[in-house]
Amino acid sequence: MANTIQWNGSELAMEVEHRSGTPVSACFQCHKCSTGCPIGPEMDFLPSQVMRLVHLGMESEVLGSQAIWLCASCEACTTRCPQSIDVAATMDALRIMAIDRQVTLPDAHGKQFNRSFLGSVRRHGRVFEMGMMTLYKLRTGDLFSDMDKVPQMLAKGKLPLLPNRSGSAGEVREVFRRAEEEEKRP
Amino acid sequence: MKYAFFPGCSLDATAWDFGRSTRATCRALGIELVDIPDWVCCGSTPAHASSASLAVALPVLNLQKAEAMGLPVMTACASCYARLRTANQKVRNEAEERQRTERITGKPYNGQVEIHHVLDVLVNHFGVEQVRARVARPLEGLRVACYYGCLLTRPPEIVAFDNPEHPTCMDDLVTAMGAEPVAWPFATECCGASLSMTRSSVVGRLGHKLLSMARRAGADCIAVACPLCQMNLDLRQSDAIKSHGDLPQTPVLYITQLLGLALGLSNKELGIGAQSVSASSLLADRRPATVASTGGNP
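Calculation rules
Residues numbered from 1 in each chain as written. Chains lettered and ligands numbered in written order. Predicted model: local features only at pLDDT ≥ 70, side-chain atom pairs only at ≥ 80, totals over all residues. Heavy atoms only, no water. Helix = DSSP H or I, 4+ residues; strand = E, 2+ residues; numbered from the N terminus. Rg over C-alpha atoms; globule rule 2.2 N^0.38 Å. Buried < 20%, exposed > 50% of the residue type's maximum accessible area, 1.4 Å probe, protein only. Contact = heavy atoms within 4.5 Å. Areas by Shrake-Rupley, 256 points an atom, 1.4 Å probe, with all protein chains shown as cover. Lys, Arg positive; Asp, Glu negative; His and termini not counted. Charge placed at Lys NZ, Arg CZ, Asp CG, Glu CD. Buried area = accessible area lost by both parts, 1.4 Å probe. Salt bridge = Lys/Arg side-chain N within 4 Å of Asp/Glu carboxyl O. Nonpolar A, V, L, I, M, F, W, Y, C, P; charged D, E, K, R; others polar. Pairing = 2+ DSSP bridges. Axes fitted to C-alpha atoms, helices over the stretch in contact; angles between N-to-C directions. Domains from an automatic or database assignment. Polar contact = N/O pair within 3.5 Å; in protein donor to acceptor, adjacent residues only side chain to side chain.

1. Here we look at the overall build of chain B
Thought 1: A tally of helices and strands in chain B yields 14 helices and eight strands.
Thought 2: By the compact-globule yardstick of 19 Å for 298 residues, chain B fits well, its C-alpha radius of gyration being 19 Å.
Thought 3: For the C-alpha atoms alone, the extent of chain B along its principal axes is close to 60 × 45 × 30 Å.
Thought 4: The buried share of chain B, reckoned over its 298 residues, is 64%.
Thought 5: Partitioning the contacts of chain B with sequence separation of at least 6, the portion at a separation of at least 24 is 77%.
Thought 6: Counting every atom, chain B has about 10,100 Å² of accessible surface; 49% of that belongs to carbon and sulfur.
Thought 7: Separation between the mean location of the 28 positive side-chain charges and that of the 27 negative ones in chain B comes to 4 Å.

Printed below as a string of structure tokens:
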């Protein structure tokens with residue numbers, strides 16, 4: 001993206017800008033993103049504070065934060081930022097960096113959900129909820145939450161017992177493999 | 001009017017009633033939907049939060065298939081819609097992104113396929129006045145909080161068929177159906193989306209905030225156009241009430257279900273009955289004596 005300012009020479013800020021394609025360093029701390037963030041009350045750092053941590057190069061604080069995993073990607077911040085920073089894309093970049101660097105996460109639910117969801121897509125070409133939820137629960141050890149919802153969803157036909165496999169599942173598997181190769185390119 | 005239809009994973013499972021009502025309503029209006037053959041998952045939030053290249057390649061696999069059909073794409077899920085539009089824009093505007101995506105998918109694609117949400121199709125392509133003219137069973141007296149949520153209108157550079165802060169397309173449709181849209185301030189507030197699985201307590205708090213505001217504004221029910229909005233407000237409604245205080249039970253219906261009713265389709269044709277919070281007494285109260293001749297009635 002054009003007009004990126006290399007603020008303070010922070011290596012972290014430069015990497016986040018490169019990965020997210022958005023000028024994080026242009027943030028002037030107006031807090032509009034934080035004011036409108038629906039998840040603000042639960043976050044350890046508000047979105048504008050996440051931006052500031054990036055400016056200051058505070059890598060372990062920002063990559064180890066709850067905030068980046070609590071972001072629901074609702075895009076309110078991105079829509080409202082007066083500096084046209086894609087704040088939600090910044091959160092994505094930070095999540096990807098946290099996984100890449102094997103940072104100790106405050107809790108692994110977000111990571112395990114994404115892993116279980118994408119594993120299901122890789123296998124069937126589409127999400128198979130029952131399989132995805134089982135894997136997610138095994139991986140997090142969170143076996144009993146929401147179990148009361150299962151009979152209700154089964155009764156309403158909202159939780160199919162078999163995957164609705166795509167005829168292009170093989171193609172999807174190849175796409176996952178090649179995407180991994182691409183991500184490894186320098 | 002003919003579209004390549006991208007149902008997406010939810011519309012065959014957790015939101016099958018959205019799928020059925022979208023198909024039935026379009027059929028009733030003469031909007032032809034042809035499923036994209038062997039469509040694949042758009043990757044949704046787990047893809048864009050995990051891999052920048054996968055987040056573009058998965059939607060593009062579908063857009064390449066649609067391009068071969070020579071039709072514009074229509075989708076109903078707000079998340080699929082946002083992912084398809086985002087990927088399309090990246091491929092169209094960024095040469096590097098396009099080259100990487102073509103290497104991953106093994107096929108050329110330049111981002112030229114048109115992508116529309118079913119609301120865009122109904123309101124802007126088919127037309128609100130045309131919808132009004134087809135209403136066989138006006139939903140008189142029904143007060144509806146139109147809930148747009150996040151991704152139908154945000155970010156405006158990507159989706160762009162209604163105002164991002166004050167959208168009106170669903171309200172216009174509800175008015176055309178003979179029902180009454182209520183004015184309420186949370187129409188574009190987030191429901192917590194996929195935190196439903198990972199942090200259900202957050203979804204409970206947000207859901208309660210939305211449901212109680214809809215009630216304060218005088219709504220009898222909430223209309224949605226996104227599978228996650230529906231699930232978070234409906235399936236998790238009893239939990240939200242348990243944790244955050246009592247509220248009257250509020251049915252959460254897809255806008256296509258309400259529209260289908262107004263067009264005279266039956267509950268069965270629209271998947272009404274698939275909600276956790278039943279809409280039957282609400283809709284039964286409103287059912288006028290002169291039931292429309294088309295579609296029958298259960």
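2. A closer look at helix α7 (residues 169-176) of chain B
Residues and elements named next belong to chain B.
Thought 1: Taking burial as the measure, the eight residues of α7 include six buried ones, the bulk of the element.
Thought 2: Residues Cys169, Met170, Asp171, Leu173, Val174 and Ala176 constitute the buried set of α7.
Thought 3: Gly178 sits one or two residues past α7 and shows a positive phi near 90°.

3. A word on the interface of chain A and chain B
Thought 1: Listed per partner, the contact involves 54 residues of chain A and 60 residues of chain B.
Thought 2: For the pairing of chain A and chain B, the buried interface totals around 5,000 Å² over both sides, and the portion due to carbon and sulfur atoms is 57%.
Thought 3: Taken together, chain A and chain B are joined by nine salt bridges.
Thought 4: Between Arg205(B) and Glu42(A) there is a salt bridge, and its shortest N-O distance comes to 2.6 Å.
Thought 5: A per-element tally of the side of chain A that touches chain B places helix α11 (residues 169-184) of chain A first, with eight residues.
Thought 6: Here the side of chain A that touches chain B is composed, by residue class, of 22 nonpolar, 14 polar and 18 charged.

4. Notes on helix α10 (residues 227-234) of chain B
Thought 1: Counting buried residues in α10(B) gives seven out of eight residues, a clear majority hidden from the surface.
Thought 2: Turning to α10(B), its buried residues are Pro227(B), Cys229(B), Gln230(B), Met231(B), Asn232(B), Leu233(B) and Asp234(B).

5. A few points about the sheet that holds strand β2 (residues 32-35) of chain B
Residue and element names in this part refer to chain B.
Thought 1: In space, the four strands of this open sheet follow the order β2-β1-β3-β4, with parallel pairing throughout. A strand with exactly one partner marks an edge of an open sheet, and here the two such strands are β2 and β4 (115-117). Neighbouring strand axes in the sheet, compared pairwise and without regard to direction, differ in orientation by 40° on average.
Thought 2: Relative to β4, strand β3 (residues 73-75) runs parallel, the two being bridged by three bridges. By the bridge assignment for β4, Val73 is matched with Ile115.
Thought 3: Packing of helix α3 (residues 52-69) onto the sheet brings it into contact with β1 (2-6), β2, β3 and β4, and relative to β1 it is tilted by some 155°.

6. Section: the domain arrangement of chain A
As a measure of interface size, the accessible area lost when the parts come together is often cited.
Thought 1: Looking at chain A, the domain boundaries give domain 1 (7-100) and domain 2 (109-184).
Thought 2: Here domain 1 of chain A and domain 2 of chain A have C-alpha centroids that lie 28 Å from each other.

7. Looking at the pattern of salt bridges
Thought 1: The final tally for this structure, using the stated rule, is 27 salt bridges over all chains.
Thought 2: A salt bridge links Arg80(A) to Glu165(B), with the shortest nitrogen-to-oxygen separation between them at 2.7 Å. Of this pair, Arg80(A) sits in helix α6 (residues 76-80) while Glu165(B) sits in the loop between β5 (143-146) and α7, each in a different chain.
Thought 3: Notably, a salt bridge pairs Glu129(B) with Arg132(B), separated by 3.0 Å at the nearest N-O pair. Here Glu129(B) and its partner Arg132(B) are both found in helix α6 (residues 118-134), three residues apart, which amounts to about one turn of the helix.

8. Comments concerning the domain arrangement of chain B
Residue and element names in this part refer to chain B.
Thought 1: Annotation of chain B at the domain level lists domain 1 (2-117) and domain 2 (119-286).
Thought 2: Here the C-alpha centre of domain 2 lies 23 Å away from the C-alpha centre of domain 1.
Thought 3: Contacts between the two partners involve 29 residues from domain 1 and, on the opposite side, 31 residues from domain 2.
Thought 4: Seen at the junction of domain 1 and domain 2, the total is zero salt bridges.
Thought 5: The interface formed by domain 1 and domain 2 holds 12 residue pairs in polar contact (both at pLDDT 80 or more) in total.
Thought 6: Of all the secondary structure elements, the ones that give two or more residues to the side of domain 1 that touches domain 2 are α1 (16-29), α4 (78-93) and β4.
Thought 7: If one sorts the elements of the side of domain 1 that touches domain 2 by residue count, α1 sits on top with 10 residues.
Thought 8: Of the residues in the side of domain 1 that touches domain 2, the class split is 15 nonpolar, 11 polar and three charged.

9. Here's the deal with unusual backbone geometry
Thought 1: A cis amide bond links Arg154(B) to the next residue, Pro155(B), at an omega of -15°.
Thought 2: Tracing the backbone through its elements, the reader meets Pro155(B) in the loop between β5 and α7.
Thought 3: Non-glycine residue Gln29(A) carries a positive phi angle of around 60°.
Thought 4: The residue Gln29(A) is located in the loop between α1 (11-20) and α2 (32-36) in this model.
Thought 5: Residue Gln29(A) is classed as partly exposed on the basis of its relative accessible area of 21%.
Thought 6: Residue Glu75(A) is not a glycine yet carries a positive backbone phi of 70°.

10. Side note on the sheet that holds strand β8 (residues 252-254) of chain B
Residue and element names in this part refer to chain B.
Thought 1: Read across the sheet, four strands follow the order β6-β5-β7-β8 without closing on themselves; strand pairing throughout is parallel. Of all strands in the sheet, those with a lone pairing partner are β6 (180-181) and β8, marking the two edges.
Thought 2: Two elements, β5 and β6, share two bridges in a ladder whose sense is parallel. Its bridge partner lying in β6, Arg143 is registered against Glu180.
Thought 3: In this fold helix α12 (residues 255-262) packs onto β5, β7 (221-224) and β8, with an angle of close to 75° to the strand it touches most, β8.

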